[in-house]
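Residue strings, one per chain:
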Amino acid sequence: MVTPRSFFLSEVCRRWYEAFFFPRVWYTFELSDTLLTKRKFNYCAGWQKLLDHIRVTIFLTKKGMHIQTLIFPPMTNLFNLYEFLNVSLYMHNNCPGTLDNVHTLRFWFACHQSERSEEVVFGTGGQILAMFKKVMGIFSSLRTLELRDLLLEGCEGLQLLDEVCSTCCETLRTLVVINITKLGHTLIHPGAFVNLETLYISPQNIGDDLLELLAESKVRNMYIVQNKYTEHGRSLSYKAWKRCRAGNPRLRVHLCSEGNTKTEIIWQRRAPVKSMVYDNPYARVIREKVSTATVLLVAYSAKNLHYFYIRRNAIILKPEMAVKRAQEEEEEEKERPGRKRGRLESRGLGPQPPTPNIVPTVNSARTRQIVEEKLQQLEEQEDPDEAEGPLDESKLKKMILGFEKRVLKNQELRIKFPDDPRKFMESEIDLNDAVEELHVVATVPELYPVLVELGMVKSLLALLSHDNTDIAIATVDLLQEMTEVEDLQEETGGEAVIEALLEGQVITILVHNLQRLDETLKPEADGVHNTLGIIENLAEVRPEICSEAGPGGLLAWLLKRLRTKLPFDANKLYASEILAICVQSHQENCLLLGEMDGIDVLLQQLAVYKRHDPSTSEEQEMMENLFNTLCSCLMLVSNRDLFLRGEGLQLMNLMLREKKLSRNGALRVLDHALTGSEGADNCNKFVEILGLRTIFPLFMKTPGKHGKKGLNKDQHEEHVVSIIMSLLRNCRPNQRTRLINKFTENDHEKVDRLLELHFKYLEKVLATNYALEEQAKAENLGEDDLYLRRLDGGLFTLQLVDYIMLDVCATGPPSIKRRVLKILNLRNASVKTIKNIMREYASNLGDNSSSESQAEEQDRILDLLDKFQNT
């Protein structure tokens, strides 16, 4: 009974009045808008009921120690809510024993409010949130905590349970956090409660990190709840759920939809789902009556179904209307022999042997007997001894034997009845079930050698070419799970599977299967995603398999998939990632990509982002993959010519001017296209298209970093300086003159910037050298290792800066050198430092395989040093 009504009951008689003061009456306390308030006149809003601090203080002093369950329902008067929290915190700190026995806290926020004629959804925060966090921190013996519809911002939601974790990490048993944040943010706190058993959470607040913590917890039931305020829900990867199931096998997931929401339940793939609960009026549940045939089909198809409840008056004891219509259509076909019957036969309702007339009413006892007999047959088919216990070698051999029998049976029926799908349809259903049963093998990688010995891998590769794409997709799903990198690296048995797959030309077979899949259908789109997952897993274990991407047709399919005019999805992102993996460190693939007009395809796909940023982080990742692919391809001279003819320089120049997210990738591409003597044509063309107007503003001022995946300042400066050095080295005299004149503009401001970068990276190199002195003694590093670490510590950029300084001083106007010497004197620096850096750069230039080009470049550097000293 709520508090106001219990007060009225206390006035009935003396007994009720005495009962009003029993402690049990106050075990549960629920606050409301008008409870413990007083009337107060406001000139703007008239009479209002505001919280009376004296009444609240007296109430908490007398009854606060009895309260065990504290409930805050949705309240429209937020002032009263804040003041009650404030007084409660004060009384707990100054009156010992107040609210010490609270073990259950429930809080709903009234986020749905009306303003004039509009309905607005608000989220809590600010002072109310700060006060509520403090109040939650005073309850040291909480066993149940329920928070609903707070709709916080990301940073506030992630810090909401900090105080609760510190005080109730061992006592909390049930946690309800529904719609804590409005956007998608992963809550980590539920994994910090060591004795948590039941968790209610929204789909936008779960993530891979949370599942990793739950795998080590005692959580038994996890309810993923959606309501009308749930937005931006997400489905986690099956790999995360698989790891969670392995660490916490007793976890059961329940998918729930409540309230007036029309959105479908977000399915969590491979999660240990125990139940699905639709508690809303818009649930898409079958409301019509079903026939006995449908009941038997459901009981037969659902292998793990334990309970199936049907209302007695919801069963139709006669043939379904579809069968009746099919029979009527067959009679019409007999009357019209010239009409085709393909539509009926495609539905499996073509000409059939005559059957006796079905009585419209059947005895219900007879129907019940048929259902019981069918269920008994299904129970007899399952061997309880085989269902229990871990998978071992003997059980695996039995499973493989049954699988091979179903494969042979399906092949025989398809050969015997090629034009009658009804004859082999049941065998294909059995074959598909057999493939699904083999997923258990992926959990025991040490049995992989047994699969190879029994020829199981060859059978699976053969199923990839099955005429039924559903079976091929199921096989792809199985192979993707079997080739996961974690399993292959941890267990030695994975090597046998990899060898068997490579011997069976798995790449070629997978590409052939990809070409027939229609991605407009979700199951086949998932099959494409899993196929790319297999290729990625194999490439991580055996990088040399990427060399088969070209001959196997994979590169051609990837380019075709990128060109396809479909909305951006996960498959397009995955295709760009696989393409970047295939061309990385594989020159034969880069060459083949250029021959297939791959450079033009990449430029066309990147042209979309010259004036528009990617809309999502996934699309940004795809853009970065395309830039990485283009950078790898530009390592070949032939591809640089294709890049030049395809107007790639103009596109990169536009991207740099637009100042979008694509600017970072365009800068890296320009660096790869202009570097070396092979980039001479690109350098001259870049100056002709007025690229100096674009690159020097970036040289003068380094822009800020775009997000987490953009270039940092050091990387940005390295690419810009490398581009300018390539232009100085490769440009013809006319273009070179235009370049050097840039250093004399605006009172030699670019020379000042050059020396600023020199001192910046000189300090970094000195700090790196000091740190490496101690590491060299401890790790016994060689000279080559030390030099490489110095290059990473800023020496490479310093060498490029000093190279530019040496070149413009030796070949440019005398005023440049005078400006350099003036600044060096002001900073008490010496020219010898620049000379020593350039001599070290010349001595470590190139490798033994390119001795001629190395000697030419060394001679050029020494000539520049001589001119610098003589001028």
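That block above? That's the structure.
Residues numbered from 1 in each chain as written. Predicted model: local features only at pLDDT ≥ 70, side-chain atom pairs only at ≥ 80, totals over all residues. Heavy atoms only, no water.

### Overview of the overall build of the protein chain
Inclusion rule: Here a strand is any run of E in DSSP of at least two residues, a helix any run of H or I of at least four, and the numbering for each starts at the N terminus. Here's how the labels work: a residue is buried when its accessible area is under 20% of the maximum for its type, exposed when over 50%, partly exposed in between, all with a 1.4 Å probe on protein chains only. Throughout, a residue-residue contact means that at least one pair of heavy atoms, one from each residue, lies within 4.5 Å. Note on areas: these come from Shrake-Rupley sampling with a 1.4 Å probe, and a residue is covered only by the protein chains present in the view.
Counting its regular elements, the protein chain contains 40 helices and 15 strands. A buried classification covers 45% of the 871 residues belonging to the protein chain. Taking as baseline every contact in the protein chain between residues at least 6 positions apart, the subset at least 24 positions apart corresponds to 71%. Carbon and sulfur atoms form 51% of the exposed surface of the protein chain, whose accessible area is close to 46,300 Å².

### A few points about a negative patch on the surface
Note the following rule: To count toward a patch, a residue needs a relative accessible area over 30% and no salt bridge; like charges are then connected within 9 Å, while nonpolar side chains (Val, Leu, Ile, Met, Phe, Trp, Tyr) are connected within 5 Å. Salt bridge criterion: a side-chain nitrogen from Lys or Arg within 4 Å of a carboxyl oxygen from Asp or Glu. When charges are tallied, Lys and Arg are placed among the positive residues and Asp and Glu among the negative ones, while His and the ends of the chain are skipped. Think of each charge as sitting on NZ of Lys, CZ of Arg, CG of Asp or CD of Glu.
A grouping of Glu852, Glu856, Asp859, Asp863 and Asp866 is seen on the molecular surface, where their side chains present a negatively charged patch. Assignment of secondary structure puts Glu852 in helix α40 (residues 851-870).

### Things to note about the side chain of Arg819
Basically, it comes down to this: Nitrogen and oxygen atoms within 3.5 Å of one another constitute a polar contact, given that in protein one can donate a hydrogen and the other can accept it, and given that sequence-neighbouring residues count only through two side-chain atoms.
Locating Arg819 in the fold gives a position in helix α38 (residues 814-826). At 3.1 Å, the side chain of Arg819 forms a polar contact with the side chain of Asp747. With residues near it in sequence (within four places) discarded, Arg819 still touches Asp747, His748, Val751, Asp752 and Leu755.

### Some remarks on helix α36 (residues 745-779)
Which entries qualify depends on this criterion: An expected span of 1.5 Å times one less than the residue number is assigned to each helix. What is called the bend at a residue is the angle between a pair of axes, fitted to the seven residues leading up to and ending at it and to the seven starting from it.
In a regular helix each residue adds 1.5 Å, so 35 residues correspond to 51 Å; α36 covers 49 Å between its end C-alpha atoms and thus fits that length. Along its length, α36 shows its largest kink, about 25°, at Leu772.

### Notes on the packing of aromatic side chains
Test applied: Put simply, two rings from Phe, Tyr or Trp (the six-membered ring, in Trp's case) pair if the centres are within 6.5 Å, and we call them stacked under 30 degrees between planes, edge-to-face over 60, tilted for the rest. Definition used: whenever NZ (Lys) or CZ (Arg) falls within 6 Å of the ring centre and also within 35 degrees of the ring normal, the charge is taken to sit over that ring.
In this structure the tally under the stated criterion is 10 aromatic pairs. Ring geometry for Trp26 against Phe59: centres 5.6 Å apart, planes inclined by 65°, an arrangement best described as edge-to-face. Of this pair, Trp26 sits in the loop between α2 (14-19) and β1 (28-30) while Phe59 sits in helix α3 (residues 53-63), and the two are 33 residues apart along the sequence. A centroid spacing of 6.0 Å and a plane angle of 20° characterise the contact between Phe29 and Phe84, whose relative ring orientation is stacked. Of this pair, Phe29 sits in strand β1 while Phe84 sits in helix α4 (residues 78-94), placing them 55 residues apart in sequence. For the pair formed by Phe29 and Phe84, the shared burial category is buried. Every member of this aromatic cluster is reached through a ring pair, and the members are Trp26, Phe29, Phe59, Phe72, Phe84, Phe107 and Phe132. The ring of Tyr803 is capped by Arg729, whose NZ or CZ atom sits 5.5 Å from the centre of that ring. Over the ring of Phe759 we find Arg827; its NZ or CZ atom is 4.0 Å from the centre of that ring.

### Overview of the pairing of strand β9 (residues 174-178)
How we decide: One requirement defines pairing of two strands: DSSP has to find at least two bridges between them.
Across the 5 residues of β9, 4 count as buried, placing the element largely inside the fold. As paired strands, strand β8 (residues 144-148) and β9 are joined by 5 bridges and run parallel to one another. What sits directly across from Leu145, in β9, is Leu175. For β9 and strand β10 (residues 198-201), the ladder comprises 4 bridges, and the chain directions are parallel. For Val177, the partnering residue across the bridge sits in β10 and is Ile201.

### A look at the environment of Leu573
Structurally, Leu573 is set in helix α25 (residues 570-583). Once the C-alpha coordinates of Leu573 and Gln620 are considered, the two residues, 47 residues apart in sequence, prove to be 9.3 Å apart. Other than its neighbours up to four places away in sequence, Leu573 contacts Phe568, Glu618, Glu621, Met622 and Asn625.

### Notes on the side chain of Asn410
The residue Asn410 is located in helix α15 (residues 393-416) in this model. Look at Asn410 and you get buried, because its relative accessible area is 2%. At a separation of 2.8 Å, a polar atom in the side chain of Asn410 contacts the side chain of His466. The residues contacting Asn410, other than those within four sequence positions of it, are Phe424, Ser427, Glu428, Leu431 and His466.

### Regarding the pattern of salt bridges
Under the defined criterion, the tally for this structure stands at 34 salt bridges. Arg414 is paired through a salt bridge with Glu428; the nearest N and O atoms lie 2.5 Å apart. Here Arg414 is found in helix α15, whereas its partner Glu428 is found in helix α16 (residues 421-437), with 14 residues between them in sequence. Taking the shortest distance from any N to any O, the salt bridge between Arg819 and Asp747 comes out at 3.1 Å. One end of the pair, Arg819, is in helix α38; the other, Asp747, is in helix α36, and 72 residues separate them in sequence.

### Focus: the layout of surface pockets
Rule in force here: For cavity detection a 1 Å grid was placed over the protein atoms alone, and a set of points counts as a cavity when a 1.4 Å probe fits there but cannot get out; an open set counts as a pocket when protein lies on both sides within 12 Å along at least five of seven lines, with lining residues being those that have an atom within 4 Å of a point. Grid points are joined across faces, edges and corners, and a volume is the space filled by probe spheres set on the points. Side-chain classes follow a simple rule in which Ala, Val, Leu, Ile, Met, Phe, Trp, Tyr, Cys and Pro form the nonpolar group, Asp, Glu, Lys and Arg form the charged group, and the remainder, Gly included, forms the polar group.
Empty space within the second largest pocket amounts to approximately 1,000 Å³. Along the walls of the second largest pocket sit 29 residues, with Thr675, Gly676, Arg729, Tyr841 and Leu845 positioned nearest its centre. Elements supplying a minimum of two residues to the lining of the second largest pocket: α29 (637-645), α31 (662-674), α34 (713-730), α37 (783-811) and α40. When its residues are assigned to classes, the lining of the second largest pocket shows 9 nonpolar, 13 polar and 7 charged.

### Looking at the sheet that holds strand β4 (residues 69-72)
The cut-off we apply is this: Only C-alpha atoms enter the line fits that serve as axes; for helices the fit covers just the stretch in contact. Angles between N-to-C directions range over 0 to 180 degrees.
The 9 strands are arranged β1-β4-β5-β8-β9-β10-β11-β12-β13 in an open sheet whose pairing can be described as parallel. The open sheet terminates on both sides in strands that have one partner only, identified here as β1 and β13 (273-279). Here the average twist between neighbouring strands, direction ignored, is 10°. Where strand β12 (residues 252-258) meets β13, 6 bridges bridge the pair, whose relative direction is parallel.

### Some thoughts on unusual backbone geometry
The phi dihedral of His748 falls on the positive side, at around 60°, and the residue is not glycine. Judged by relative accessible area, which is 12%, His748 ranks as buried. In this structure, Asn828 is a non-glycine residue whose phi angle is positive, near 55°. Mapped onto the fold, Asn828 is located in the loop between α38 and α39 (831-843).

### Looking at the packing of helix α27 (residues 598-606) against helix α28 (residues 617-633)
Between two packed helices, both the angle of their axes relative to each other and the distance between the axes serve to describe the pair. Worth spelling out the cut-off: Angle categories: roughly parallel below 35 degrees, roughly antiparallel above 145, roughly perpendicular from 65 to 115, and oblique for all the rest. In a left-handed crossing the near helix is turned counterclockwise from the far helix by less than a right angle, and in a right-handed crossing that turn is clockwise.
Here α27 crosses α28 at 150°, and the two axes come no closer than 10 Å. Relative to α28, the element α27 lies roughly antiparallel. Considering only the axes of α27 and α28, their crossing is left-handed. Where α27 abuts α28, its residues Ile599, Leu602, Leu603, Gln605 and Leu606 lie against Met623, Leu626, Phe627, Thr629, Leu630 and Cys633. Class assignment for the residues of the contact of α27 with α28 results in 9 nonpolar, 2 polar and no charged.

### Concerning the environment of Arg640
For Arg640, the location among the structural elements is in helix α29. Taking relative accessible area as the criterion, Arg640 reaches 5% and is therefore assigned buried. Spatially, the C-alpha atom of Arg640 lies 9.1 Å from that of Asp681, the residues being 41 residues apart in sequence. Those residues in contact with Arg640, other than ones at most four positions away along the chain, are Leu634, His672, Ala673, Thr675, Glu678, Gly679 and Asn682. There is a polar contact of 2.8 Å between the side chain of Arg640 and the backbone oxygen of Leu634.

### Examining the state of the cysteines
Selection criterion: By disulfide we mean two sulfur atoms from cysteines, separated by a distance within 2.5 Å.
Considering all chains together, one arrives at 0 disulfides under this definition. Cys631 takes part in no disulfide bond, and the closest cysteine sulfur to it belongs to Cys633, at a distance of 9.4 Å.

### Here's the deal with the nonpolar core
Quick note on the threshold: For the purposes of this section, nonpolar cores are sets of buried Ala, Val, Leu, Ile, Met, Phe, Trp, Tyr and Cys residues that join through side-chain atoms within 4.5 Å.
In terms of nonpolar packing, the biggest core is built from 148 residues, with Phe403, Leu630, Phe643, Met652 and Leu727 touching the most fellow members. A per-element tally of this core places α37 first, with 12 residues. Residues in contact with Leu630, not counting those within four places in the same chain, are Ile599, Leu602, Leu603, Leu606, Phe643, Met652 and Val669. Among the nonpolar cores identified, the runner-up in size contains 69 residues, and Leu36, Leu70, Cys165 and Leu251 belong to it.

### Side note on α28
With 17 residues, α28 should cover 24 Å at 1.5 Å per step; its first-to-last C-alpha distance of 25 Å lies within 8% of that length. Counting buried residues along α28, 13 of its 17 residues qualify, which places the element largely inside the surrounding structure.

### A look at the packing of α25 against helix α26 (residues 587-595)
Where α25 contacts α26, the axes come no closer than 7 Å and their chain directions differ by 120°. By the criterion of interaxial angle, the relationship of α25 to α26 is oblique. For the pair α25 and α26, the contacting residues are Leu579, Cys582 and Val583 in the first and Asn589, Cys590 and Leu593 in the second. Split by residue class, the contact of α25 with α26 holds 5 nonpolar, 1 polar and no charged.

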